[in-house]
Amino acid sequence: MIPYARQQLNDSDIAAVVEVLRSERLTQGPAIETLERAIAGYCGVRHAVAVSSGTAALHLACRALDIGPGDRVWTSPITFVASANCALYCGAEVGFVDIDPGTRNLCVATLADRLERAARDGTLPKAVVVVHFAGLSCDMAAIGALAGRYGFRVIEDAAHALGGRYRDAPVGCGRHSDLTVFSLHPVKTITSGEGGVVTTSDARLDARLRRLRSHGIERDAKAWVAEAEGGWYYELTELGYNYRITDIQAALGASQAARIDEFVAARRRLAARYDAALAGLPLRLPQCDPAAGSAHHLYVIELPGGAAQRRRVYDGLHADGIGVQVHYIPVHLQPLYRALGFGPGDFPHAEAYYAGALSLPLYPGLRDDEQQRVVSALRRRLGEG
Ligand SMILES: *Cc1c(COP(=O)(O)O)cnc(C)c1O
């Protein structure tokens, strides 16, 4: 089976993990700081906080911005459920902004319209979680301008976009948002097994994330309300979590971080080969402007025959040993979100996209002959080969 995604490990990754296994500390040791420095350095941002998953990172991002009951958080319906669930964890209300059918990212013009209405009704969001779908950055300058005008905070869900760029800077540089979240799950640009990272240029948010990552325990004596009672002393100042990443995982992530550019370049090359091989077929291909700086996390085609054709092609390709996937079922159509009042017809561009969407295999280790097999099988299943 050719999977839709898979990790790429080498001997130095394995050696880095073994080194931790032979060391004193399996968690809260030096590898976590090494990973944080590597990501902060890559992104050109002051602070990076490593945690146990991308989902934990999103939850902490919301908590660090004091999102709670009575607040609204908006995101895109075409994303992994975690981008919306993080607001529910905090007791906030979730709203969605329909996608731009070209970029498949949250549509900035629709966002602007909804904000104008929300400002009149007094229902403005406290934060917007923007998702860089498939690795292509949202228009952060436009979103930042809206955030300034309407006073909301911006979280970038960059789970797809480590190694991507927006204009002249890496995604996660901290210039265009309050916080940026990365995932280190094995299907993403680099992996730590499970893991996540939050970047920010704001020292106070960094301190808050570190405290919330470890139960809400304040380690900085200057911030304590009481006098230390001895060397063992610490203070619990707010309710946090155990969202720590282990040193075993962090060592893998840090070792992989040296190859972010290499991995993205391999993905870019494979995406360009798909663009060339699939041009002329009755399909909608992803936007492929190389200047857009995509991290090429996914290569999603849209089948014009919608849900029935997509199901046929999906089943046919699986029978051919090709593990195509669908990213994503619109979040608002999940039973949990329907129970909150959402339903079919709410976000027509997202639903139309979903009907035909199919992700082709894309990962740095995909060989050219395997990719050719994917293309040939797809042509046959489309009745074009
Ligand atoms: C993978 C992913 C997440 C969650 O990351 P985990 O590390 O799996 O918890 C969140 N948002 C998006 C868009 C993702 O693709």
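Residues numbered from 1 in each chain as written. Predicted model: local features only at pLDDT ≥ 70, side-chain atom pairs only at ≥ 80, totals over all residues. Heavy atoms only, no water.

Things to note about the nonpolar core
Line of reasoning, step 1. Ranked by size, the top nonpolar core spans 48 residues in total, and within it I67, F96, F133 and I155 carry the most contacts.
Line of reasoning, step 2. Those elements giving two or more residues to this core turn out to be β1 (47-51), α3 (54-64), α4 (82-89), β3 (93-96), β4 (127-131), β8 (179-183), α7 (203-213) and α12 (348-356).
Line of reasoning, step 3. Broken down by element, the residue count for this core peaks at 7 residues, all from α3.
Line of reasoning, step 4. In contact with I155, not counting residues within four places along its chain, are L58, A61, C62, L65, V128, V129, V130, L179 and V181.
Line of reasoning, step 5. Core analysis: the next-biggest nonpolar cluster, separate from the first, contains 28 residues, A16, I39, L162 and V197 among them. (Core = buried A, V, L, I, M, F, W, Y, C linked by side-chain atoms within 4.5 Å. Buried < 20%, exposed > 50% of the residue type's maximum accessible area, 1.4 Å probe, protein only. Helix = DSSP H or I, 4+ residues; strand = E, 2+ residues; numbered from the N terminus. Contact = heavy atoms within 4.5 Å.)

Description of the sheet that holds β4
Line of reasoning, step 1. Read from one edge to the other, the open sheet built from 7 strands follows the order β1-β9-β8-β5-β4-β2-β3, with strand pairing classed as mixed. Edge strands, defined here as strands with exactly one partner in the open sheet, are β1 and β3. Taken pair by pair, the neighbouring strands of this sheet meet at an average axis angle of 20 degrees, ignoring direction.
Line of reasoning, step 2. The pairing of strand β2 (residues 72-75) with β4 spans 3 bridges and is classified as parallel. Note on β4: the bridge partner recorded for V73 is A127.
Line of reasoning, step 3. Along the sheet, helix α2 (residues 30-43) makes contact with β1, β8 and β9 (196-200), crossing β1 at roughly 135 degrees.
Line of reasoning, step 4. Contacts from α7 reach β1, β5 (153-157), β8 and β9 within the one sheet, and its direction differs from that of β1 by about 15 degrees. (Pairing = 2+ DSSP bridges. Axes fitted to C-alpha atoms, helices over the stretch in contact; angles between N-to-C directions.)

Some remarks on the side chain of R63
Line of reasoning, step 1. Positionally, R63 belongs in helix α3.
Line of reasoning, step 2. Looking at R63, the relative accessible area reads 16%, which means it is buried.
Line of reasoning, step 3. The contact partners of R63, leaving out residues within four places of it in the chain, are C90, R208, L212, E238, L239 and Y241.

Looking at the site of the ligand
Line of reasoning, step 1. Lining the immediate environment of the ligand, one finds 15 residues, of which G54, T55, D157, S183 and K188 sit closest.
Line of reasoning, step 2. Y328 places a polar side-chain atom, nitrogen or oxygen, 3.2 Å from an oxygen atom of the ligand.
Line of reasoning, step 3. Across the complex, the protein chains shield 92% of the 380 Å² of accessible surface that the ligand would expose by itself.
Line of reasoning, step 4. Elements with a contribution of two residues or more to the shell around the ligand: α3 and α4. (Near = heavy atom within 4 Å. Polar contact = N/O pair within 3.5 Å; in protein donor to acceptor, adjacent residues only side chain to side chain. Areas by Shrake-Rupley, 256 points an atom, 1.4 Å probe, with all protein chains shown as cover.)

As for the side chain of S359
Line of reasoning, step 1. Structurally, S359 is set in strand β13 (residues 357-360).
Line of reasoning, step 2. Engagement of the side chain of S359 in a polar contact is seen with the side chain of H327, the distance being 2.7 Å.
Line of reasoning, step 3. In this structure S359 touches Y4, L298, Y299, V300, V324, Q325 and H327, once residues within four positions along its chain are discounted.

Some points on helix α5 (residues 108-121)
Line of reasoning, step 1. Here α5 is 14 residues long and its end C-alpha atoms lie 20 Å apart, about the 20 Å a rise of 1.5 Å per residue gives.
Line of reasoning, step 2. The complete set of buried residues in α5 reads L111, L115 and A118. Down the axis of α5, the smallest arc covering the buried residues is 65 degrees, so these residues share one side. Within α5, the exposed residues directed more than 90 degrees away from the buried face are A109 and R120.
Line of reasoning, step 3. In this structure, the buried side of α5 is in contact with β2, β4 and α6 (140-150).
Line of reasoning, step 4. The first or second residue beyond α5 is G122, which carries a positive phi of 70 degrees. (Expected span 1.5 Å × (residues − 1). Arc of directions from axis to C-beta.)

Digging into helix α9 (residues 260-278)
Line of reasoning, step 1. With 19 residues, α9 should reach 27 Å at 1.5 Å per residue; the first-to-last C-alpha distance of 27 Å fits that figure.
Line of reasoning, step 2. Taken together, the buried positions of α9 are occupied by I260, F263, V264, R267, L270, A271, Y274, D275 and L278. Taken down its axis, α9 places every buried residue within 150 degrees of arc, on the same side.
Line of reasoning, step 3. In this structure, the buried residues of α9 make contact with α2, α8 (247-257), β12 (299-302), β13 and α13 (368-381).

Quick word on the pairing of β4
Line of reasoning, step 1. Of all 5 residues making up β4, 5 are buried, and the element is well covered by its neighbours.
Line of reasoning, step 2. Burial of β4 is two-sided: the residues A127, V129 and V131 facing one way and the residues V128 and V130 facing the other way are all buried.
Line of reasoning, step 3. Bridge analysis of β4 against β5 gives 5 bridges, and the strand direction is parallel. Residue pairing for β5: V128 is matched across the bridge by V154.
Line of reasoning, step 4. Crossover handedness for the path β4 to α6 to β5: right-handed. (Right-handed = clockwise from strand over helix to strand, strands pointing away.)

Description of the packing of aromatic side chains
Line of reasoning, step 1. By the definition in use, this model includes 10 aromatic pairs.
Line of reasoning, step 2. Between F96 and F342, the aromatic rings sit 5.0 Å apart at their centres with planes inclined by 75 degrees, giving edge-to-face as the arrangement. Taken together, the residues span a long stretch of sequence, with F96 in strand β3 and F342 in the loop between α11 (335-338) and α12 at a distance of 246 residues.
Line of reasoning, step 3. Exposure remark for F96: the relative accessible area of 0% places this residue in the buried category.
Line of reasoning, step 4. When its relative accessible area of 18% is taken as the criterion, F342 is described as buried.
Line of reasoning, step 5. Ring-pair connections join several aromatic residues into one group, and the members of that group are F80, F133, Y328 and Y353.
Line of reasoning, step 6. Positioned above the aromatic ring of W74 is the side chain of R114, whose terminal nitrogen or guanidinium carbon lies 4.2 Å from the ring centre.
Line of reasoning, step 7. Over the ring of Y354 we find R310, and its NZ or CZ is 4.7 Å from the ring centre. (Phe/Tyr/Trp six-rings, centres within 6.5 Å; stacked < 30°, edge-to-face > 60°. Lys NZ or Arg CZ within 6 Å of the ring centre and 35° of its normal.)

Describing unusual backbone geometry
Line of reasoning, step 1. In this model, H327 is joined to Y328 through a cis peptide bond whose omega is 0 degrees.
Line of reasoning, step 2. In the Ramachandran plot, D66 falls in the positive-phi region, its phi being about 60 degrees despite a non-glycine side chain.
Line of reasoning, step 3. In this fold, D66 is placed in the loop between α3 and β2.

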